[in-house]
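Residues per chain, in single letters:
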Amino acid sequence: MNYLRLSLGLVSMLFLTAGGCGDPENDNPNQGGNEPGEVLATYVNPVFRPVLADPSVLEHEGIFYAYGTEDNWGNEGGHKLVPIVKSKDLVNWELAGTAFPSKPTWKDQGGLWAPDVVKVGNQFFMYYSYSTWGDPNPE
(Lines give C-alpha, C1' and ligand atoms only; values in the text may rest on other atoms or scores of the structure.)
Protein backbone atom coordinates (compact mmCIF):
# COMPACT_ATOMS: atom_id res chain seq x y z
CA MET A 1 0.00 0.00 0.00
CA ASN A 2 2.85 2.41 0.82
CA TYR A 3 4.43 1.59 -2.56
CA LEU A 4 1.16 2.53 -4.30
CA ARG A 5 0.94 5.82 -2.38
CA LEU A 6 4.55 6.61 -3.24
CA SER A 7 3.96 5.78 -6.91
CA LEU A 8 0.83 7.92 -7.10
CA GLY A 9 2.60 10.75 -5.29
CA LEU A 10 5.44 10.62 -7.79
CA VAL A 11 2.99 10.67 -10.69
CA SER A 12 1.29 13.71 -9.16
CA MET A 13 4.64 15.48 -8.99
CA LEU A 14 5.23 14.66 -12.66
CA PHE A 15 2.10 16.58 -13.64
CA LEU A 16 3.32 19.65 -11.81
CA THR A 17 6.93 19.59 -12.96
CA ALA A 18 7.70 21.89 -15.84
CA GLY A 19 11.26 20.62 -16.29
CA GLY A 20 11.99 17.82 -18.68
CA CYS A 21 13.15 14.27 -18.76
CA GLY A 22 14.16 12.84 -22.06
CA ASP A 23 15.56 14.52 -25.15
CA PRO A 24 13.53 17.56 -26.33
CA GLU A 25 15.26 17.32 -29.71
CA ASN A 26 13.87 13.82 -30.28
CA ASP A 27 10.62 13.88 -32.30
CA ASN A 28 9.28 10.77 -30.55
CA PRO A 29 10.87 10.20 -27.13
CA ASN A 30 9.01 6.90 -26.66
CA GLN A 31 10.77 5.24 -29.60
CA GLY A 32 14.17 3.62 -29.46
CA GLY A 33 14.06 0.47 -27.37
CA ASN A 34 16.63 -2.28 -27.61
CA GLU A 35 14.74 -4.06 -30.39
CA PRO A 36 13.61 -2.49 -33.68
CA GLY A 37 10.11 -1.09 -33.28
CA GLU A 38 10.17 -1.49 -29.49
CA VAL A 39 8.43 1.33 -27.65
CA LEU A 40 9.70 2.43 -24.26
CA ALA A 41 7.29 3.78 -21.68
CA THR A 42 9.18 6.94 -20.74
CA TYR A 43 7.59 10.21 -19.85
CA VAL A 44 8.46 13.72 -20.96
CA ASN A 45 7.30 16.63 -18.82
CA PRO A 46 4.73 17.92 -18.84
CA VAL A 47 3.05 14.54 -19.14
CA PHE A 48 -0.28 16.11 -20.15
CA ARG A 49 -1.03 19.26 -22.11
CA PRO A 50 -2.45 21.84 -22.02
CA VAL A 51 -2.66 21.70 -18.20
CA LEU A 52 -3.76 19.49 -15.32
CA ALA A 53 -3.09 21.40 -12.11
CA ASP A 54 -3.24 19.84 -8.63
CA PRO A 55 -3.70 16.29 -9.96
CA SER A 56 -4.99 13.33 -8.03
CA VAL A 57 -4.34 9.89 -9.55
CA LEU A 58 -6.38 6.75 -9.01
CA GLU A 59 -5.92 3.30 -10.58
CA HIS A 60 -9.02 1.26 -11.36
CA GLU A 61 -9.06 -2.02 -13.30
CA GLY A 62 -5.66 -1.38 -14.88
CA ILE A 63 -6.36 2.17 -15.98
CA PHE A 64 -5.01 5.27 -14.23
CA TYR A 65 -7.29 8.28 -13.93
CA ALA A 66 -6.01 11.76 -13.06
CA TYR A 67 -8.34 14.51 -11.86
CA GLY A 68 -7.30 18.17 -12.04
CA THR A 69 -8.31 21.60 -10.81
CA GLU A 70 -10.93 23.52 -12.81
CA ASP A 71 -9.16 25.38 -15.60
CA ASN A 72 -9.65 27.12 -18.93
CA TRP A 73 -7.77 25.32 -21.70
CA GLY A 74 -8.53 28.15 -24.12
CA ASN A 75 -8.24 27.13 -27.78
CA GLU A 76 -7.10 23.68 -26.68
CA GLY A 77 -10.44 22.65 -25.21
CA GLY A 78 -12.20 25.50 -23.41
CA HIS A 79 -13.32 25.55 -19.80
CA LYS A 80 -13.07 22.26 -17.88
CA LEU A 81 -14.74 21.61 -14.52
CA VAL A 82 -12.39 19.07 -12.92
CA PRO A 83 -10.91 17.54 -16.07
CA ILE A 84 -10.32 13.79 -16.03
CA VAL A 85 -7.55 12.19 -18.08
CA LYS A 86 -6.75 8.49 -18.34
CA SER A 87 -3.76 6.30 -19.14
CA LYS A 88 -2.79 2.64 -19.23
CA ASP A 89 0.92 3.33 -18.73
CA LEU A 90 1.23 6.66 -16.82
CA VAL A 91 2.95 8.07 -19.92
CA ASN A 92 0.31 8.47 -22.62
CA TRP A 93 -2.74 10.38 -21.38
CA GLU A 94 -6.03 11.28 -23.05
CA LEU A 95 -9.02 13.32 -21.97
CA ALA A 96 -11.76 11.11 -20.53
CA GLY A 97 -14.19 13.91 -19.67
CA THR A 98 -14.99 16.19 -16.75
CA ALA A 99 -16.30 15.39 -13.29
CA PHE A 100 -19.03 18.05 -13.42
CA PRO A 101 -21.32 19.25 -16.23
CA SER A 102 -21.82 22.47 -14.22
CA LYS A 103 -20.71 23.89 -10.88
CA PRO A 104 -22.57 22.87 -7.73
CA THR A 105 -25.31 25.35 -6.85
CA TRP A 106 -24.74 25.47 -3.09
CA LYS A 107 -22.19 28.31 -3.44
CA ASP A 108 -22.50 31.51 -5.47
CA GLN A 109 -18.94 31.78 -6.77
CA GLY A 110 -15.54 30.19 -6.72
CA GLY A 111 -13.46 27.55 -8.43
CA LEU A 112 -13.24 23.79 -8.00
CA TRP A 113 -9.70 23.10 -6.79
CA ALA A 114 -7.44 20.20 -5.92
CA PRO A 115 -9.80 17.25 -6.29
CA ASP A 116 -9.00 13.94 -4.65
CA VAL A 117 -10.81 10.74 -5.55
CA VAL A 118 -10.94 7.62 -3.40
CA LYS A 119 -12.66 4.28 -3.80
CA VAL A 120 -14.53 2.89 -0.80
CA GLY A 121 -16.06 -0.49 -1.49
CA ASN A 122 -17.72 -0.20 -4.88
CA GLN A 123 -18.22 3.56 -4.72
CA PHE A 124 -15.98 6.47 -5.68
CA PHE A 125 -15.91 9.69 -3.69
CA MET A 126 -14.45 13.03 -4.73
CA TYR A 127 -13.23 15.64 -2.28
CA TYR A 128 -12.50 19.13 -3.58
CA SER A 129 -12.27 22.76 -2.53
CA TYR A 130 -14.81 25.26 -3.81
CA SER A 131 -13.72 28.83 -3.17
CA THR A 132 -12.13 32.02 -4.45
CA TRP A 133 -8.79 33.54 -3.40
CA GLY A 134 -9.26 35.11 0.03
CA ASP A 135 -12.69 33.52 0.49
CA PRO A 136 -13.78 34.04 4.12
CA ASN A 137 -16.00 30.94 3.81
CA PRO A 138 -14.04 28.35 1.79
CA GLU A 139 -15.77 25.00 1.42
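Shown above is the structure to which this text applies.
Now for a look at the structure at hand.

Cut-offs applied
- Within every chain, residues take consecutive numbers counted from 1 along the sequence as written.
- Only residues with pLDDT of at least 70 get local features here, since the model is predicted, and only at 80 or more are side-chain atom pairs given and counted; chain-wide, interface and lining totals rely on the full set of residues.
- Excluded from the side-chain calculations are hydrogens and water; all other atoms, namely the structure's heavy atoms, are used.
- Each helix is a run of H or I in the DSSP string that is no shorter than four residues. Each strand is a run of E no shorter than two, and both are numbered from the N terminus.
- By the convention used here, residues are in contact when the closest approach between their heavy atoms is within 4.5 Å.
- Paired rings are identified among Phe, Tyr and Trp, the last through its six-membered ring, by centres lying within 6.5 Å, and are further divided according to the angle between planes into stacked (under 30 degrees), edge-to-face (over 60) and tilted (the rest).
- Each residue is placed in one exposure class: buried if its accessible area under a 1.4 Å probe, protein chains only, is under 20% of its type's maximum, exposed if it is over 50%, and partly exposed if it falls in between.
- Take a side-chain nitrogen of Lys or Arg and a carboxyl oxygen of Asp or Glu: if they are within 4 Å of each other, that pair is a salt bridge.
- Between any two strands, at least two bridges found by DSSP are needed for them to pair.
- Here, axes are lines fitted to C-alpha atoms. For helices the fit covers the stretch in contact, and angles between N-to-C directions go from 0 to 180 degrees.

## Describing the environment of His60
- For His60, the position within the fold is in strand 1 (residues 56–60).
- For the pair His60 and Lys119, spaced 59 residues apart in sequence, the C-alpha separation works out to 8.9 Å.
- Not counting the four nearest positions on each side in its chain, His60 is found in contact with Tyr65, Lys119 and Phe124.

## A closer look at the packing of aromatic side chains
- Across all of its chains, the model carries four aromatic pairs by this definition.
- Ring geometry for Phe100 versus Tyr128: centroids 5.3 Å apart, planes at 75 degrees, classification edge-to-face. In this pair, Phe100 is assigned in the loop between strand 6 (94–98) and strand 7 (111–120) and Tyr128 in strand 8 (residues 123–131), connecting sequence segments 28 residues apart.
- Note on Tyr128: relative accessible area 24%, which makes it partly exposed.

## What to know about the pattern of salt bridges
- Tallied over the full model, the rule gives one salt bridge.
- Glu70 is the salt-bridge partner of Lys103, the closest N and O atoms lying 3.3 Å from each other. Separated by 33 residues along the polypeptide, Lys103 in the loop between strand 6 and strand 7 and Glu70 in the loop between strand 2 (63–67) and strand 3 (71–72) bring together distant segments of the chain.
- Since its relative accessible area comes to 31%, Lys103 is described here as partly exposed.

## Comments concerning the environment of Tyr67
- Counting through the fold element by element, Tyr67 comes out in strand 2.
- For Tyr67, a relative accessible area of 11% translates into the label buried.
- C-alpha of Tyr67 to C-alpha of Gly97: the two residues are 30 residues apart in sequence and 9.8 Å apart in space.
- In this view, Tyr67 contacts Leu52, Asp54, Pro55, Ser56, Leu58, Val82, Pro83, Ile84, Pro115, Val117 and Met126; residues no more than four positions away in its chain are not counted.

## Quick notes on the sheet that holds strand 5 (residues 83–87)
- Read across the sheet, four strands follow the order 1-2-5-6 without closing on themselves; strand pairing throughout is antiparallel. In the strand order of this sheet, the two ends are held by strand 1 and strand 6, each with one partner. Direction aside, the axes of adjacent strands within the sheet are offset by 30 degrees on average.
- Two elements, strand 2 and strand 5, share four bridges in a ladder whose sense is antiparallel. When the sheet's bridge partners are listed, Ala66 is paired in strand 5 with Val85.

## Points about unusual backbone geometry
- Cis geometry marks the peptide bond from Asn45 to Pro46, where omega comes out at -10 degrees.
- The residue Pro46 is located in the loop between helix 1 (2–16) and strand 1 in this model.
- The amide bond that connects Arg49 to the next residue, Pro50, takes the cis arrangement and shows omega of 15 degrees.
- Looking at the secondary structure, you find Pro50 in the loop between helix 1 and strand 1.

## Thoughts on the pairing of strand 5
- Across the five residues that make up strand 5, a large majority, four, are buried.
- By the bridge criterion, four bridges tie strand 5 to strand 6 in an arrangement that is antiparallel. Within strand 6, the residue paired with Ile84 across the bridge is Gly97.
- Hairpin connection from strand 5 to strand 6: six residues lie between these consecutive antiparallel strands, with Leu90 at a positive phi of about 65 degrees.

Don't take any of this as a statement about function, it's just geometry.
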